[in-house]
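Residue strings, one per chain:
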Amino acid sequence: MTHAPSYKLAGVMGWPVAHSRSPLIHNHWIVENQPQPLKGAYVLLPVQPENLAQALRALPALGFAGCNLTIPHKVAAMSIVDRVDSLAQRIGAINTVVVEADGSLTGRNTDAFGFIQSLHDAQPAWRADNAASSAIVIGAGGAARAVLAGLLDAGVSEIRLTNRSPDKAQALAREFGSAIRPIAWAERHDALAGVSLLVNTTNQGMHGEPALDLRLDALPAHALVSDIIYIPLETPLLAAARTRGNPTVNGLGMLLNQARPAFEAWFGVRPTITPDLMQKILATL
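Residues numbered from 1 in each chain as written. Predicted model: local features only at pLDDT ≥ 70, side-chain atom pairs only at ≥ 80, totals over all residues. Heavy atoms only, no water.

Participant: Just to check I follow, could you spell out unusual backbone geometry for this structure?
Facilitator: Keep in mind that most residues, glycine aside, have a negative phi and that most peptide bonds are trans. Residue proline 16 is reached from tryptophan 15 by a cis peptide bond, and omega for that bond is 0 degrees. Secondary-structure assignment places proline 16 in the loop between β1 (7-14) and α1 (22-32). With omega at 10 degrees, the peptide bond leading from isoleucine 71 into proline 72 counts as cis. Its location among the elements puts proline 72 in the loop between β3 (64-69) and β4 (83-84). (Helix = DSSP H or I, 4+ residues; strand = E, 2+ residues; numbered from the N terminus.)

Participant: Got a minute to help me understand the pattern of salt bridges in this structure?
Facilitator: If the charged atoms of two oppositely charged side chains come close together, the side chains can form a pair. For the structure on display, the rule yields nine salt bridges. The partner of aspartate 82 in a salt bridge is arginine 57, with the nearest N and O atoms 3.2 Å apart. Taken together, the residues span a long stretch of sequence, with aspartate 82 in the loop between β3 and β4 and arginine 57 in helix α2 (residues 52-58) at a distance of 25 residues. Overall, arginine 57 belongs to the partly exposed group, its relative accessible area being 41%. In this structure, arginine 181 and glutamate 158 form a salt bridge, with 3.1 Å as the shortest nitrogen-oxygen distance. Here the residue arginine 181 occupies a position in strand β9 (residues 180-183), and glutamate 158 occupies one in strand β8 (residues 158-162), the gap between them amounting to 23 residues. The class for glutamate 158 is partly exposed, based on a relative accessible area of 21%. (Salt bridge = Lys/Arg side-chain N within 4 Å of Asp/Glu carboxyl O. Buried < 20%, exposed > 50% of the residue type's maximum accessible area, 1.4 Å probe, protein only.)

Participant: What is the right way to read the sheet that holds strand β10 (residues 197-200) from this model?
Facilitator: Strand pairing in a sheet relies on backbone hydrogen bonds, with the paired strands running either antiparallel or parallel. Ordered by their spatial adjacency, six strands build an open sheet running β9-β8-β7-β10-β11-β12, and the pairing between neighbours is parallel. Looking at which strands have only one partner, the edges of the open sheet turn out to be β9 and β12 (248-249). Across the face of the sheet, helix α5 (residues 142-154) comes into contact with β7 (134-138), β8, β9 and β10 while running at roughly 170 degrees to β7. (Pairing = 2+ DSSP bridges. Contact = heavy atoms within 4.5 Å. Axes fitted to C-alpha atoms, helices over the stretch in contact; angles between N-to-C directions.)

Participant: What is the right way to look at the sheet that holds strand β2 (residues 39-46) in this model?
Facilitator: Pairing is mixed across the open sheet formed by six strands, whose spatial order is β2-β1-β3-β5-β6-β4. Both outer strands of the open sheet, β2 and β4, are each paired with one neighbouring strand and no more. Inspection of the sheet shows β3 paired to strand β5 (residues 96-99) by three bridges, in the antiparallel sense. Within β5, the residue paired with asparagine 68 across the bridge is threonine 96. Packing of α1 onto the sheet brings it into contact with β1, β2 and β3, and relative to β2 it is tilted by some 175 degrees.

By themselves, these figures tell us nothing about what the structure is for.
Encoded structure:
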């Protein structure tokens, strides 16, 4: 079967990848935009680590507009693509690959955008560039890097960073600059005092994992509490925050929003998050 030139393919490359919600999201948007000349499909691309370079290099010949990258490929792919944009370089990972007109590959990272946009969507009153804005971020892994970049670019003036392994938090502080202040893990409870935002980037509280060990006593009542986990939608951290009256944001908005600029890069349309899409995603959780 020969596809018309307007037919575009995209997908999510990972190992394993069968659990990904990305095909549901992107294929919903493809159908939703059908009144326009938009035809295509978004597929699963299970690729073992040793085959990553070969798989990425095959994208242009196979007619792909690009792909998303998930575990364990987000860092390894940086040395395979032809160029990496400046934000992705700062984050140290790419989650989106765009096949350019000449067949070359550009690596991007949309996680920082997805995170910040999810905060604005859920809590429109939250302002990162308020002069008094400060945040505390729990964890120092790959997700924390995207959150830190997003918060700094949004204008947060001070970010306290705490992690069980202090050397990782200290390394990120050196890399991201003076706005990042490493906090000893033993001092994490008291370090909540005065912040306007608390973000958990660890897997603590995820389905099958223990709850995050964090007392909220010192957290201001108005502070926004964000957890980038979306299974379950309400982690023990978010439940505790809601009980004491803090506004909360789960990780589903980040998942959906990080997909929007990627879809636009491939298909030329900036999609929206509709109630219909939200219902479809919630039915899978």
